[in-house]
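Each chain, written out:
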Protein chains: 2
Amino acid sequence: MMARSATTSDAFNAVAERRRREIIDMLSRSGEVPVNGMVEALGLAQPLVSKHLRVLREVGLVSVRGSGRRRLYRLNGENLKPIHDWTKRFERFWDDQLARIKEQAESSGRKKA
Amino acid sequence: MMARSATTSDAFNAVAERRRREIIDMLSRSGEVPVNGMVEALGLAQPLVSKHLRVLREVGLVSVRGSGRRRLYRLNGENLKPIHDWTKRFERFWDDQLARIKEQAESSGRKKA
DNA sequence: TTGACATATTCCCATATAGGCATATTATGA
DNA sequence: TCATAATATGCCTATATGGGAATATGTCAA
């Protein structure tokens with residue numbers, strides 16, 4: 001009855017798509033970029049790029065600004081923070097050094113509490 | 001002609017689903033957990049939990065181990081690192097302090113190069 | 001005003017689910 | 001051995017896409 005959640009429901013879903021991550025990477029590097037700039041750089045069909053941009057806009061990951069006939073897109077990177085924060089919880093799984101430090105901090109915290 | 005990429009294609013897609021993130025969070029807190037443990041804790045139907053676990057297994061995010069009639073699942077958190085690494089690139093968007101430090105480091109790096 | 005460039009939409013199709021339900025599998029423990 | 005607990009699968013339906021193609025919109029520049 002229910003299908004997969006919409007790509008426009010949140011950043012996690014929007015970012016699950018590889019193309020959209022590429023668009024985000026590009027905006028991160030280049031600042032403001034017009035649709036055609038992405039079309040050329042990514043080698044995708046223009047309508048497809050516009051559609052992905054729409055999804056990104058709907059979750060607030062990008063903003064647009066008109067400039068002549070063109071539309072300049074900009075990354076709102078701060079909206080990727082929820083994802084970063086979530087994955088940060090698992091740092092101990094790959095960063096043993098950090099794990100040791102944290103465990104020590106936690107254990108001393110427990111002693112005080 | 002082509003639909004959304006499979007949830008089993010990579011961690012990004014697997015993690016796009018809220019329930020699966022909840023399962024991951026639970027495993028992160030509790031270590032090894034049997035299916036029923038998650039069923040009760042998350043209030044989901046057992047078949048649904050098994051299906052989500054299968055997706056997580058296919059992308060390597062969890063491992064299983066038999067124990068009597070039960071199957072104990074464990075988190076392979078290190079496979080969340082790609083997501084963490086990707087989002088890390090955008091830290092400057094929310095961490096201005098860090099941004100300044102990095103920019104300074106990069107500019108001095110450029111001078112040397 | 002008008003033609004051309006730059007984007008956004010609309011339609012259509014095949015694919016990929018989440019979930020709900022029923023049932024098949026397994027591994028026990030008495 | 002065997003009923004049973006604990007999981008995994010199979011089936012079916014409503015949704016939600018990515019893409020492709022064609023077309024609608026918008027904005028300028030001459």
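Shown above is the structure to which this text applies.
Residues numbered from 1 in each chain as written. Chains lettered and ligands numbered in written order. Predicted model: local features only at pLDDT ≥ 70, side-chain atom pairs only at ≥ 80, totals over all residues. Heavy atoms only, no water.

With that out of the way, let us pick up the protein's contact with DNA strand C. Around DNA strand C sit 30 residues, and of these Met 2, Ser 50 and Tyr 73 of chain A together with Ala 3 and Lys 51 of chain B come closest. A breakdown of the atoms of DNA strand C within 4 Å of the protein gives sugar and phosphate a share of 66%. A distance of 2.5 Å is found between a phosphate oxygen of DNA strand C and a side-chain nitrogen or oxygen belonging to Tyr 73 of chain A. A distance of 3.3 Å separates a phosphate oxygen of DNA strand C from a polar atom in the side chain of Arg 19 of chain B. The set of elements that each furnish at least two residues to the surface near DNA strand C consists of helix 3 (35–42), helix 4 (46–58) and strand 3 (70–75) of chain A together with helix 2 (18–30) and helix 4 (46–58) of chain B. Considering only residue class, the surface near DNA strand C consists of 12 nonpolar, six polar and 12 charged. (Near = heavy atom within 4 Å. Polar contact = N/O pair within 3.5 Å; in protein donor to acceptor, adjacent residues only side chain to side chain. Helix = DSSP H or I, 4+ residues; strand = E, 2+ residues; numbered from the N terminus. Nonpolar A, V, L, I, M, F, W, Y, C, P; charged D, E, K, R; others polar.)

All right, on to the environment of Gly 31 of chain A then. Residues and elements named next belong to chain A. Among the secondary structure elements, Gly 31 is positioned in the loop between helix 2 (18–30) and strand 1 (33–34). When its relative accessible area of 32% is taken as the criterion, Gly 31 is described as partly exposed. With 43 residues separating them in the primary sequence, Gly 31 and Arg 74 have C-alpha atoms 6.1 Å apart. Not counting residues within four places of it along the chain, the set of residues in contact with Gly 31 comprises Tyr 73 and Arg 74. (Buried < 20%, exposed > 50% of the residue type's maximum accessible area, 1.4 Å probe, protein only. Contact = heavy atoms within 4.5 Å.)

On to the sheet that holds strand 1 of chain A, then. Strands in a sheet are paired, the pairing made by backbone hydrogen bonds, and the direction either parallel or antiparallel. Residues and elements named next belong to chain A. Read across the sheet, three strands follow the order 1-3-2 without closing on themselves; strand pairing throughout is antiparallel. Bordering the open sheet on either side are strand 1 and strand 2 (62–67), each of which pairs with just one other strand. The sheet contact formed by strand 1 and strand 3 spans two bridges and is antiparallel. If you follow Pro 34 over to strand 3, its bridge partner there is Leu 72. Along the sheet, helix 2 contacts strand 1, strand 2 and strand 3; its crossing angle with strand 3, the most-contacted strand, is approximately 90 degrees. Across the sheet, helix 4 lies against strand 2 and strand 3, angled at about 120 degrees from strand 2, the strand it touches most. (Pairing = 2+ DSSP bridges. Axes fitted to C-alpha atoms, helices over the stretch in contact; angles between N-to-C directions.)

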